[in-house]
Amino acid sequence: MYKIFVIFVILWQVHGWFEGTGAEDFDSPVEHGTFDNLLDHFDPSNTETFKQRYWPGNFMGKNDKPVFIYICAEAKGSYVKPNSFIMKIAEKVGGSVVSLEHRFYGESFPQGEELTLKNLEYLSHDQALADVAYFIGFLKEEKGLGNSKVFTVGGSYAGALSAWMRYKYPHLVAGALSSSGVVNAVLDFYQFDEHVKNVVANRTKDCETTIRKVISEAESLWKINPWIIRNAHKAPYFEWEDFEFYYSDIFVETVQYGRGSHLCQYMDKIKFDKNRQEKLAELALNNRAQPHKYAFQYIRSTYHNPMHSYRQWTYQFCSALAYFNSVGPLKDPLRFKNMNLAYWRSYCMKSFGTEIFPNTNHTNALYGDVRIKDVASRIIFTNARDDPWQWAGVREYFKQ
């Protein structure tokens, strides 16, 4: 087992980690399988089940070889790409790779076709971890892998799940890879914006100033007539609060995915353009900040579309995980200055029509936050240099 873990480290150093690691959010050419998982792992009187999907990336089925479980996160799941990092590891040791879709995302959907608050009570990271544990039992018992060591893999939220699997289920998981794993449920996560500010400050001279100017301009235009902004961003459904979230993410999402230089070059290019709000809408669409993902109109809808995940993920961060990108004590944030914890409390309330707000102390007490590094072993934590999510993860060496 130690030999396999050493191979993790060596191949990560050679091939890198985050690029091409795993499951993609599109229709898979690999046929998926399903198995019956429990709706509620913590209530023995509830025997209801649901069909959870998985994809055998290169299912060798060798009883004495390791199994790598790629945990899909807050989106539709899919197969693990043949040229991915985890596939290279599996080929090196003759192991198997399989990806598992997260409950309530894609088509792994219990409780009919409605995302009501009653049904969403079964959507939690606790239940998701138990899903993986149950899946491991399925692989060992139904697929003849009883003697195989199991390793988990994931990025961002799924990176946290991967690390937590090793921490909470060490008898089932021999090791874990956690890329940008947000193991610390930070309530007032102003360090996110602080990091983004530092990234753009080192790109071009006027980048930070230009971002602040267009944010101020958007607020002024909204006060004059909201339809100026709604039309510019082709989003007639926006209210002010959901627009604020979306607009701020135009900038931070670009940095998050390693395109800080591109962002600043773009801002330099459009800073004197009279149509710069329309230009920012184009930037948003090219950097995963699609307007409808943030809109209350869509988040409030209880209809389940396998391709969409906005209501589910909003529920998860509002009910347990937080990671609220707030202005905190920052004097000159790269978002609207009212986006503090009061703003996020209101955002969650407006999304679900009732008081819902996370107890991060409870979450961190159960899962150890960054202190997981002091008590858990055989977890590899990696972070990209420009990724602001690293401040909710482990950034130091840990106890072996």
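Caption draft 1: Fine view of the overall build of the protein. Secondary structure assignment for the protein yields 16 helices and 7 strands. By the compact-globule yardstick of 21 Å for 400 residues, the protein fits well, its C-alpha radius of gyration being 21 Å. For the protein, the C-alpha atoms occupy an extent of roughly 65 × 45 × 40 Å along the three principal directions. Looking at the protein residue by residue over its 400 residues, the buried ones come to 56%. In the protein, 75% of the contacts between residues at least 6 apart in sequence involve partners at least 24 apart. Counting only carbon and sulfur atoms, one obtains 49% of the accessible surface of the protein, whose full area is about 17,400 Å². Here the protein contributes 45 positively and 45 negatively charged side chains, and the mean placements of these two sets differ by 6 Å.

Caption draft 2: The sheet that holds strand β2 (residues 49-56), seen in detail. Across the sheet, which stays open at both edges, the 7 strands sit in the order β1-β2-β4-β3-β5-β6-β7 with mixed pairing between neighbours. Looking along the sheet, the strands with just one partner apiece sit at the ends: β1 (33-38) and β7 (379-382). Going from strand to strand, the sheet's axes swing by 25° on average, the running direction of each strand aside. Here 4 bridges tie strand β3 (residues 67-71) to strand β5 (residues 150-155), and the two strands are oriented parallel to one another.

Caption draft 3: How the structure looks around the packing of helix α6 (residues 191-201) against helix α9 (residues 240-256). Their axes nearest at 10 Å, the elements α6 and α9 cross at an angle of 70°. The orientation of α6 relative to α9 falls into the category roughly perpendicular. Where α6 abuts α9, its residues Phe192, Asp193, Val196, Val199 and Val200 lie against Val252, Val255 and Gln256. The residue inventory of the contact of α6 with α9, partitioned by class, reads 6 nonpolar, 1 polar and 1 charged.

Caption draft 4: Local environment of the state of the cysteines. The final tally for this structure, using the stated rule, is 2 disulfides. In this model, Cys207 is linked to Cys264 through a disulfide, with the two sulfur atoms separated by 2.2 Å. Residues Cys207 and Cys264 are joined by a disulfide whose S-S torsion is about -75°; by sign, that bridge is left-handed. Highlighted residues: Cys207 in helix α7 (residues 207-224) and Cys264 in helix α10 (residues 260-270), separated in sequence by 57 residues. Taken in sequence order, the bonded cysteines of the protein link in the pattern 1-2, 3-4.

Caption draft 5: View of the packing of helix α4 (residues 125-142) against helix α5 (residues 157-168). At a minimum axis distance of 10 Å, the contact between α4 and α5 shows a crossing angle of 60°. Regarding the angle of α4 to α5, the classification is oblique. Crossing of α4 over α5 shows right-handed handedness. Contact with α4, carried on its side by His125, Ala128, Leu129, Val132, Ala133 and Ile136, involves Tyr157, Leu161, Trp164 and Met165 of α5 and no other residues of that element. A per-class count over the contact of α4 with α5 returns 9 nonpolar, 1 polar and no charged.

Caption draft 6: Quick look at α5. Over its 12 residues, α5 extends 16 Å from the first C-alpha to the last, a length consistent with the 16 Å expected when each residue adds 1.5 Å. Most of α5 is tucked away: 10 of the 12 residues are buried. All of the buried residues along α5 are Tyr157, Ala158, Gly159, Ala160, Leu161, Ser162, Ala163, Trp164, Met165 and Arg166.

Caption draft 7: Here's a closer look at the nonpolar core. The biggest cluster of nonpolar side chains holds 105 residues, and the ones touching the most others in it are Ile69, Trp164, Tyr247 and Phe251. For this core, the element with the highest residue contribution is α4, accounting for 9 residues. With near-sequence residues (within four places) excluded, Ile69 lies in contact with Val98, Leu100, Phe135, Ile136, Leu139, Val150, Phe151, Thr152 and Val153. Residues Phe85, Ile89, Val93 and Val97 belong to the second largest nonpolar core, which totals 16 residues.

Caption draft 8: Representation of empty space enclosed by the protein in the model. For the coordinates displayed, the defined rule picks out 2 cavities of 30 Å³ or more. Space inside the largest cavity adds up to approximately 40 Å³. Residue lining of the largest cavity: Gln52, Ile71, Cys72, Leu100, Glu101, His102, Arg103, Ala128, Asp131, Val132 and Leu161, and that is the complete set. Among the elements that make up the lining of the largest cavity, the one with the highest residue count is α4 (3 residues). Of the residues contributing to the lining of the largest cavity, the split by class is 6 nonpolar, 2 polar and 3 charged.

Caption draft 9: Spotlight on the confidence of the model for the protein. Confidence along the protein averages 90 in pLDDT terms, with 91% of residues attaining 70 or more. Across the protein, the element-wise mean pLDDT spans from 46 in helix α1 (residues 2-15) up to 98 in α5. Low pLDDT, under 50, characterises residues 9-22; the predicted model gives this stretch 32 contacts beyond four residues in sequence or across chains.

Conventions adopted
- Along each chain, numbering runs from 1 in the same order as the chain's sequence is written.
- Reporting of local features is limited, given that this is a predicted model, to residues whose pLDDT is at least 70; pairs of side-chain atoms are given and counted only at 80 or more, and all residues count toward the totals for whole chains, interfaces and linings.
- The side-chain quantities take in all heavy atoms of the structure and omit both hydrogens and water.
- For the purposes of this entry, the term helix denotes a DSSP run of H or I that reaches at least four residues, the term strand denotes a run of E that reaches at least two, and both are numbered from the N terminus.
- All radius of gyration figures rest on C-alpha atoms, and the globule criterion is 2.2 Å times the number of residues raised to 0.38.
- Here's how the labels work: a residue is buried when its accessible area is under 20% of the maximum for its type, exposed when over 50%, partly exposed in between, all with a 1.4 Å probe on protein chains only.
- Note on contacts: a residue pair qualifies if any of its non-hydrogen atoms lie within 4.5 Å across the two residues.
- Each accessible area is a Shrake-Rupley estimate made with a 1.4 Å probe; only the visible protein chains count as cover when residues are assessed.
- Positive charges come from Lys and Arg alone, negative charges from Asp and Glu alone, with His and the N- and C-terminal ends not counted.
- Charge coordinates come from a single atom per side chain, which is NZ of Lys, CZ of Arg, CG of Asp or CD of Glu.
- Strands were regarded as paired on the criterion that DSSP finds at least two bridges between them.
- Fitted lines through C-alpha atoms give the axes, limited to the stretch in contact for helices. The angle between two N-to-C directions lies from 0 to 180 degrees.
- Throughout, the term roughly parallel applies to angles under 35 degrees, roughly antiparallel to angles over 145, roughly perpendicular to angles from 65 to 115, and oblique to all others.
- Residues are grouped as follows: nonpolar covers Ala, Val, Leu, Ile, Met, Phe, Trp, Tyr, Cys and Pro; charged covers Asp, Glu, Lys and Arg; every other residue, Gly included, is treated as polar.
- Throughout, a disulfide means two cysteine sulfur atoms within 2.5 Å of one another.
- Left-handed describes a crossing in which the near helix is turned anticlockwise from the far one by less than a right angle; the clockwise case is right-handed.
- A helix is expected to reach a length of 1.5 Å times the quantity of its residues less one.
- The nonpolar core is taken to be a set of buried Ala, Val, Leu, Ile, Met, Phe, Trp, Tyr and Cys residues, with the residues joined through side-chain atoms within 4.5 Å.
- Cavities and pockets are found on a 1 Å grid laid over the protein atoms alone: a cavity is a set of points where a 1.4 Å probe fits but cannot escape, a pocket is an open set with protein on both sides within 12 Å along at least five of seven lines, and a lining residue has an atom within 4 Å of such a point.
- Grid points are joined across faces, edges and corners, and a volume is the space filled by probe spheres set on the points.
- Known as pLDDT, the predictor's per-residue confidence is scaled from 0 to 100.

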